[in-house]
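In case you want the letters, here they are:
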Amino acid sequence: MGDHFDHCGGNAVLAGRPILVQATEYAAARTEGYTVLGLVDFPGVTYRELDGEAEV
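The shown structure was predicted, so the numbers you read here are calculated from the model rather than taken from an experiment.

### Considering the overall build of the protein chain
(1) Moving on: When you go through the protein chain residue by residue, the secondary structure sums to three helices and two strands.
(2) Moving on: A buried classification covers 20% of the 56 residues belonging to the protein chain.
(3) Moving on: Of all intrachain contacts in the protein chain linking residues separated by at least 6 positions in sequence, the fraction that spans at least 24 positions is 71%.
(4) Moving on: Roughly 4,100 Å² of accessible area belongs to the protein chain as shown, and the carbon and sulfur atoms make up 54% of that amount.

### Here we look at the environment of Thr 46
(1) Moving on: As for its position among the elements, Thr 46 is in strand β2 (residues 46-50).
(2) Moving on: Looking at Thr 46, the relative accessible area reads 39%, which means it is partly exposed.
(3) Moving on: Sequence-distant contacts of Thr 46, defined by excluding residues within four places in its chain, comprise Arg 17, Pro 18 and Ile 19.

The rules we used
Residues numbered from 1 in each chain as written. Predicted model: local features only at pLDDT ≥ 70, side-chain atom pairs only at ≥ 80, totals over all residues. Heavy atoms only, no water. Helix = DSSP H or I, 4+ residues; strand = E, 2+ residues; numbered from the N terminus. Buried < 20%, exposed > 50% of the residue type's maximum accessible area, 1.4 Å probe, protein only. Contact = heavy atoms within 4.5 Å. Areas by Shrake-Rupley, 256 points an atom, 1.4 Å probe, with all protein chains shown as cover.

By themselves, these are just geometric observations and shouldn't be taken as functional.
Here is the structure:
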């Protein structure tokens, strides 16, 4: 498993709020062995995928 769980361990507290994520990173995070899938996909999550630089 990758070491990226420490970057998304608190995401569940953001349920109901949009989480901005790079599309390539989101795709990688949803692959087996990259991180803990329960920390990526959880009730109430809404991702807004970005492709490259974006003004937020």
